[in-house]
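Residue strings, one per chain:
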Amino acid sequence: MEWGWDNVRAMLGAIAIVGLSWGLSENRKMFPWRLALGAMAVQVFLVVLLFGVPASQGFLNGVNGAVDGLNAATIEGTKFVFGYLGGGEPPYVVVQPGAPPPFVFAFQVLPLILVISALSAVLWHWKILQWITRGFGFIFEKSMGLGGASALATAANIFMGMVESPIVIKGYLDKLSRSELFMMMVVGLATVAGSTMVAYAAILSPTLPNAAGHVLVASIITAPAGILLARIMIPEQAGYFVDGMDYSSALAYESTMDAITKGVQDGMMVVVNVGAFLLVFVSFVWIANGLLSTLGTIGGEALTLQHIFGYLFAPLAYVIGIPTNEMQKAGGLLGSKLFLTEFVAFIELGAIPVDALSERSRMIMTYALCGFANVGSVGIMTGGMTVLMPERRNEILKLAWKALIPGFLATCLSATIVAALPMGVFVH
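Residue positions within a chain follow its written sequence, with the count starting from 1. Totals for whole chains, interfaces and linings use every residue, but because this is a predicted model, local features are given only for residues with pLDDT of at least 70 and side-chain atom pairs only at 80 or more, for both listing and counting. Values reported for side chains reflect all heavy atoms of the structure, with hydrogen atoms and water molecules removed beforehand.

In the nomenclature of an unreviewed UniProt entry, the protein corresponds to Sodium dependent nucleoside transporter from the organism Candidatus Phycosocius spiralis. UniProt positions are given in the numbering used here, feature names are shortened, and annotations may be inferred rather than shown by experiment. The protein has a UniProt comment under Subcellular location (unreviewed entry) that states "Cell membrane".

Okay, structure coming up:
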């Protein structure tokens with residue numbers, strides 16, 4: 001296994017990210033040393049376990065197979081509803097018979113979100129997803145000293161959205177401390193929902209081997225990173241602990257059909273939000289790039305937002321382990337993720353030709369982008385949480401923008417953990 005300066009630089013990058021969070025802390029005297037070492041150890045352990053142990057390859061192959069199966073099933077439903085645009089037979093003569101249908105995001109990615117949302121609701125009703133979530137919650141509670149309620153909400157964020165996960169502990173929301181509320185926000189922004197995981201994997205699979213496995217692991221290992229950075233920035237009060245957690249959930253369905261119905265309804269809201277945000281943000285980018293192009297060129301190319309993002313975020317890309325010859329391209333992706341949503345960034349990453357970005361850098365960026373931490377998500381999160389906790393509205397509004405910074409840095413911290421490991425861990 002090759003291990004060199006790029007790996008060492010990523011380790012130093014992890015220290016720098018933790019140090020930056022400490023610099024922004026409300027109480028620098030209460031640095032959680034034990035949590036810092038434990039969270040990073042958990043991240044390394046999970047990555048090595050899931051990628052470095054040969055026996056785990058069967059599990060990851062199963063994840064990729066399941067994603068492929070869900071994608072194939074979704075295509076059948078999309079064909080029925082949308083015909084040729086969804087992959088069905090064309091109703092007219094085409095210039096290139098046998099050629100694959102054109103890639104249309106609305107018909108080939110958004111339907112996946114709808115199907116996975118309904119499936120997640122069914123798995124929750126059948127208690128399969130509940131037990132998985134409780135398992136992670138128990139691990140976080142015992143290994144990181146979290147209260148039962150915040151541990152369960154944090155675990156739910158791995159598979160559910162940042163608005164849905166608080167519903168799981170709805171009965172305990174009024175008991176959460178300010179630090180726990182902030183941590184729930186940070187982890188919600190740092191992770192992604194199960195419905196969008198599959199969509200990301202579908203976008204990346206043509207250019208990244210084992211894309212589904214990387215996206216799943218990214219969401220799992222970023223939860224401890226979010227916990228760590230949140231606790232550094234707003235430490236918990238000494239001795240504060242919400243006990244008596246019985247792991248019951250306020251999120252419940254009356255029957256399997258009720259789960260499917262509500263899953264479809266919830267998924268439709270996500271689909272509309274994702275589609276609408278992408279439409280608006282891509283339009284804004286086009287307008288901005290048109291205006292910027294009048295200012296001149298860089299290297300013979302018109303000035304664009306991507307160029308600006310590339311220069312602004314290139315140092316961060318370098319810090320998380322990207323080599324110098326690729327850090328500007330990676331910096332542009334980080335800027336797109338923060339200001340234009342992670343969906344735009346993943347689409348841009350998937351569109352980069354295989355020979356234009358190394359597999360290692362592509363893998364690192366998958367972890368760095370795999371989170372909801374962007375400007376638009378802050379509005380979605382505050383809207384959902386203020387409905388659930390109207391009595392804490394002012395507190396939520398004050399903490400939301402502050403949570404964006406550690407939420408964004410948490411995915412970068414996960415990327416440094418991956419970048420610090422030799423490529424031999426991931427390639428078999």
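1. Points about the packing of helix H1 (residues 5-23) against helix H11 (residues 211-233)
Angular values range over 0 to 180 degrees, each being the angle between N-to-C directions of two axes fitted as lines to C-alpha atoms, with helices fitted over their stretch in contact. Only DSSP runs of H or I covering at least 4 residues are called helices, and only runs of E covering at least 2 are called strands; the numbering of each starts at the N terminus. For the pair H1 and H11, interaxial distance at closest approach is 7 Å and the crossing angle is 35 degrees. With respect to the hand of their crossing, H1 and H11 are arranged in right-handed fashion. For the pair H1 and H11, contact is made by Ile-17, Val-18, Ser-21 and Trp-22 and by Leu-228, Leu-229, Ile-232 and Met-233, respectively. Class assignment of the residues belonging to the contact of H1 with H11 gives a composition of 7 nonpolar, 1 polar and no charged. Whether a crossing is left-handed or right-handed is set by the direction in which the near helix is turned from the far one by less than a right angle, anticlockwise for left-handed and clockwise for right-handed. When checking whether two residues touch, look at their non-hydrogen atoms; a contact exists if any pair is within 4.5 Å. Side-chain classes are defined by residue name, with Ala, Val, Leu, Ile, Met, Phe, Trp, Tyr, Cys and Pro counting as nonpolar, Asp, Glu, Lys and Arg as charged, and the others, Gly among them, as polar.

2. A word on the confidence of the model for the protein
When the pLDDT values of the protein are averaged, the result is 79; 81% of them are 70 or greater. Put simply, helix H8 (residues 164-168) is where the protein has its lowest mean pLDDT, 68, and helix H16 (residues 359-369) is where it has its highest, 91. Here pLDDT means the predictor's own confidence in every residue, given as a number from 0 to 100.

3. What about unusual backbone geometry?
The phi dihedral of Asn-210 falls on the positive side, at around 60 degrees, and the residue is not glycine. Even without being glycine, Thr-341 reaches a positive phi, approximately 85 degrees. Examined against the element boundaries, Thr-341 turns out to sit in the loop between helix H14 (327-340) and helix H15 (342-351).

4. A look at the pattern of salt bridges
Here, a salt bridge means any side-chain nitrogen of Lys or Arg that lies within 4 Å of a carboxyl oxygen of Asp or Glu. Taken as a whole and assessed by the stated rule, the structure comprises 5 salt bridges. Between Asp-258 and Lys-262 there is a salt bridge; the shortest N-O distance is 3.5 Å. Placement of the pair is Asp-258 and Lys-262 together in helix H12 (residues 256-292), with a separation of 4 residues, close to one helical turn. Remark: exposure states derive from per-residue accessible area (1.4 Å probe, protein chains only) relative to the maximum for the residue type, with buried under 20%, exposed over 50%, and partly exposed in between. Overall, the relative accessible area of 15% leaves Asp-258 in the buried class.

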